[in-house]
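Now for the letters of each chain:
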Amino acid sequence: MPEFKTDSPAEAVEMFALMAPAFEGGAIRLWDNAAHHLSASVEWRPEQTAFGFVVYHRTNLYHDRLLGVLARHIAERETMRQEIHHSLRLSA
C-alpha cells in the first residue's frame, strides 16, 4: 500500500485529495501519528448508470474540522489556479 508521511497539514490534505485507492472502492485514510487518530477517510457510494454499470463516487470525510476547512481552501485555490491557467492559454 502506498504511504506518504509529512509534518505539514497542508501537504497531507493535498496528497489525501490526490491519492487513488489500490482498487475500485478501496480505503484511503489520513492518519495523525502525533494525536493517534484518524483525521480523514474516503467514503465510496455506488451508483448504477443508465447502462447498468456501477460507478463509485468518492466523498472525502474530514474527521478533523480544521483539516476540512484547509481542504476547502486548497480546492478553491486549485480552481482559481486552473481558471487563471485557462484564461492565459486563451489569451496567448
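Keep in mind the model is a prediction, meaning the values are calculated, not measured.

Here we come to the packing of aromatic side chains. The geometry of an aromatic ring pair is captured by the separation of the ring centres together with the interplanar angle, meaning the angle of the planes. This structure, assessed with the given rule, holds one aromatic pair. Consider the rings of Phe 16 and Tyr 62, whose centres lie 5.6 Å apart with planes at 70 degrees: the pair is edge-to-face. Taken together, the residues span a long stretch of sequence, with Phe 16 in helix H1 (residues 9–18) and Tyr 62 in strand E3 (residues 54–62) at a distance of 46 residues. The positively charged end of Arg 58 is found above the aromatic ring belonging to Phe 16, 5.6 Å away from the centroid.

A few words now on H1. Every buried residue of H1 is accounted for by Ala 12, Val 13 and Phe 16. What you see down the axis of H1 is that its buried residues fit within an arc of 95 degrees, all on one side.

With that settled, the discussion passes to the side chain of Ser 39. Residue position: Ser 39 is located in strand E2 (residues 37–48). Classification of Ser 39 by relative accessible area gives buried; the value is 3%. Ignoring any residue separated from it by four or fewer positions in sequence, one finds Ser 39 in contact with Leu 30, Asp 32, Leu 61, Tyr 62, His 63, Asp 64 and Leu 67.

Positionally, Ser 41 belongs in strand E2. For Ser 41, a relative accessible area of 12% translates into the label buried. Of note is the side chain of Ser 41, whose polar atom sits 3.0 Å from the side chain of His 63.

Relative to E2, strand E1 (residues 29–32) runs antiparallel, the two sharing four bridges. Bridge assignment links Trp 31 to a residue of E2, and that residue is Leu 38. In this structure, the hairpin formed by E1 and E2 is closed by a connection of four residues, where His 36 is found at a positive phi of approximately 55 degrees. Both E2 and E3 contribute to a ladder of nine bridges, which runs antiparallel. Directly across from Glu 47, in E3, lies its bridge partner Val 55. Connecting E2 to the antiparallel partner E3 that follows it, the hairpin turn spans five residues, and Gly 52 within it adopts a positive phi of roughly 95 degrees.

What follows concerns the packing of H1 against helix H2 (residues 65–91). Two quantities define a packed helix pair, namely the angle between the helix axes and the distance between the axes. Contact geometry of H1 with H2 gives a least axis separation of 10 Å together with a crossing angle of 70 degrees. Here H2 runs roughly perpendicular to H1, going by the angle between their axes. Between H1 and H2 lies a crossing of right-handed hand. For the pair formed by H1 and H2, the contact residues are Pro 9, Ala 10, Val 13 and Glu 14 on the first element and Leu 67, Leu 70, Ala 71, Ile 74 and Arg 77 on the second. Split by residue class, the contact of H1 with H2 holds seven nonpolar, no polar and two charged.

Scoring rules and cut-offs
- Here the residue numbering is sequential within each chain, running from 1 through the sequence in written order.
- Only residues with pLDDT of at least 70 are given local features in this predicted model, and only at 80 or more are side-chain atom pairs given and counted; all residues enter the totals for whole chains, interfaces and linings.
- By convention in this description, side-chain values take in all heavy atoms of the structure and omit both hydrogens and water.
- Centre distance within 6.5 Å is the pairing criterion for rings of Phe, Tyr and Trp, where only the six-membered ring of Trp is used; planes under 30 degrees apart are then read as stacked, over 60 as edge-to-face, and the remainder as tilted.
- Secondary structure counts use DSSP, requiring at least four H or I residues in a row for a helix and at least two E residues in a row for a strand, with both numbered from the N terminus.
- A ring is considered to have a charge above it if a Lys NZ or an Arg CZ atom is located within 6 Å of its centre and within 35 degrees of its normal.
- To sort residues, take the accessible area from a 1.4 Å probe on protein chains only and compare it with the maximum for the residue type: under 20% means buried, over 50% means exposed, and anything in between is partly exposed.
- Taken from the helix axis, the directions to the C-beta atoms give the arc we talk about.
- What makes two residues a contact is simply this: any of their non-hydrogen atoms within 4.5 Å.
- What qualifies as a polar contact is a pair of N or O atoms within 3.5 Å, subject to a donor-acceptor requirement within protein and to the restriction that residues adjacent in sequence count only when both atoms come from side chains.
- Any two strands with at least two DSSP bridges between them are considered paired.
- Angles here are taken between N-to-C directions and fall from 0 to 180 degrees, while the axes themselves are lines fitted to C-alpha atoms, restricted in helices to the stretch in contact.
- Here the angle decides the label: under 35 degrees means roughly parallel, over 145 means roughly antiparallel, 65 to 115 means roughly perpendicular, and every other value means oblique.
- Two helices crossing with the near one rotated counterclockwise from the far one by less than a right angle form a left-handed crossing, whereas a clockwise rotation gives a right-handed crossing.
- Polarity classes work like this: nonpolar for Ala, Val, Leu, Ile, Met, Phe, Trp, Tyr, Cys and Pro, charged for Asp, Glu, Lys and Arg, and polar for all others, with Gly in that last group.

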